[in-house]
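# Summary of structural features
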Amino acid sequence: MLILKANRLVVVDYDLCVGCQCCMFACTRRFAEAGLSRSTIHIKSAGGFERGFVVTVCKACSEPPCMKVCPTDALVFRKPGGVTLIPSKCIMCKNCVDACTVGAVFWDEEVNKPAICVYCGYCVGYCAYGVIKLQPVGEGEDRR
Ligand code: SF4
Ligand code: SF4
C-alpha cells in the first residue's frame, strides 16, 4: 500500500541560528522578489545578542486552529498536517493570524491575504548553519 507523507519545516536547534535571515530572503525569492515582505519563515532577535534568535515556522498542525476560525473555508486541511490557502475564498478577516498559536500566519500586504508556509523546503538549502530541515509530519518534534 502506498503511504503518502507530507513534510513540514522544523527547527533543528534554535541555538545554531545567527540571525542572517538567509532563509527569509530565500522564501521571498519564491515569488521572484527581493526583500523579506512575503516570507513565511521569520527570524527575530530574542532580545540581546546573547539570547539568540526566535525562529517562527508553521508547525503543520494536525488540527490547525487557523483553519478552524476561517469563516469561508479558505484554509483547507493538508493531510496529515498543515493547511493550504485558497486565495479566492479569503475575505481578509485576519482571524487566522490571531488563531495561530505560534504566530506563523503572516500577512502579505501586497495582495492583502495571509502568507502561510507551503512546506516546500526551499529555505532549508539557504541556511548555512543547519537550523532548519524538512521532516515528514508526525516524525519527531522540534523544541518549541
Ligand atoms: S483572513 Fe482569509 S484565510 Fe484567514 S481566516 Fe479570514 S478568510 Fe480565512
Ligand atoms: S499556520 Fe499556525 S495554526 Fe495553522 S497549521 Fe501552521 S502552526 Fe498550525
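Scroll up to find the structure this text is about.
### A few points about the overall build of the protein
On a plain count of helices and strands, the protein comes out with 3 helices and 8 strands. For the protein, the sequential pattern of α-helices and β-strands runs β-α-β-β-α-β-β-α-β-β-β. Taken over C-alpha atoms, the radius of gyration comes to 15 Å for the protein, in line with the 15 Å a tight globule of 144 residues would show. Dimensions of the protein, computed from the C-alpha atoms along their principal axes, are close to 45 × 45 × 30 Å. Counting every position in the protein, which comprises 144 residues, the buried fraction comes to 39%.

### Details of the site of ligand 2
Near ligand 2, the surroundings consist of Cys-58, Lys-59, Cys-61, Pro-64, Pro-65, Cys-66, Cys-100, Val-102 and Val-105. Tallied by class, the residues present in the shell around ligand 2 amount to 8 nonpolar, no polar and 1 charged.

### Concerning the pattern of salt bridges
Working definition: two side chains of opposite charge can pair if their charged atoms are close together. Counted by the stated rule, this structure contains 3 salt bridges. As a salt-bridge pair, Arg-38 and Asp-108 come within 2.7 Å of each other at their nearest N and O atoms. Taken together, the positions of Arg-38 in the loop between helix H1 (22–29) and strand E2 (42–45) and Asp-108 in strand E6 (residues 106–108) put the pair 70 residues apart, joining distant regions of the chain. Given the relative accessible area of 6%, Asp-108 is considered buried.

### Remarks on the site of ligand 1
For ligand 1, the set of nearby residues contains 15 residues, the closest of which are Cys-70, Cys-90, Cys-93, Lys-94 and Cys-96. Of the residues that constitute the shell around ligand 1, the class distribution is 12 nonpolar, 2 polar and 1 charged.

### Description of the environment of Lys-79
By the element assignment, Lys-79 lies in the loop between strand E4 (75–77) and strand E5 (83–85). Sequence spacing of Lys-79 and Pro-114 is 35 residues, and the spatial spacing of their C-alpha atoms is 20 Å.

### Focus: unusual backbone geometry
For the bond from Lys-79 to Pro-80, the omega torsion is -5 degrees, close enough to zero to count as cis. Looking at the element boundaries, Pro-80 is found in the loop between E4 and E5. The residue Tyr-119 is not glycine, and still its phi comes out positive at about 60 degrees. Inspection of the secondary structure assignment puts Tyr-119 in the loop between strand E7 (113–115) and strand E8 (132–136).

### Focus on the packing of aromatic side chains
The geometry of an aromatic ring pair is captured by two quantities: the separation of the ring centres and the angle between the planes. Overall, the coordinates contain 1 aromatic pair when judged by the stated rule. Judged by centre distance (5.2 Å) and plane angle (50 degrees), the rings of Tyr-122 and Tyr-126 are tilted. A relative accessible area of 34% means that Tyr-122 is categorised as partly exposed. According to the relative accessible area criterion, Tyr-126 is partly exposed, its value standing at 37%.

### A look at the side chain of Arg-78
Mapped onto the elements, Arg-78 comes out in the loop between E4 and E5. For Arg-78, a relative accessible area of 17% corresponds to the buried category. With residues near it in sequence (within four places) discarded, Arg-78 still touches Ala-6, Asn-7, Arg-8, Ala-60, Val-83, Thr-84, Tyr-119 and Val-137.

### Topic: H1
Residue pairs spaced three or four apart in an α-helix point in one direction, given the helix's 3.6 residues per turn. Among the residues making up H1, those that are buried are Cys-23, Met-24, Ala-26, Cys-27 and Thr-28. Turning to H1, the residues buried within the fold contact E2 and E8.

Definitions and cut-offs
Residues numbered from 1 in each chain as written. Chains lettered and ligands numbered in written order. Predicted model: local features only at pLDDT ≥ 70, side-chain atom pairs only at ≥ 80, totals over all residues. Heavy atoms only, no water. Helix = DSSP H or I, 4+ residues; strand = E, 2+ residues; numbered from the N terminus. Rg over C-alpha atoms; globule rule 2.2 N^0.38 Å. Buried < 20%, exposed > 50% of the residue type's maximum accessible area, 1.4 Å probe, protein only. Near = heavy atom within 4 Å. Nonpolar A, V, L, I, M, F, W, Y, C, P; charged D, E, K, R; others polar. Salt bridge = Lys/Arg side-chain N within 4 Å of Asp/Glu carboxyl O. Phe/Tyr/Trp six-rings, centres within 6.5 Å; stacked < 30°, edge-to-face > 60°. Contact = heavy atoms within 4.5 Å.

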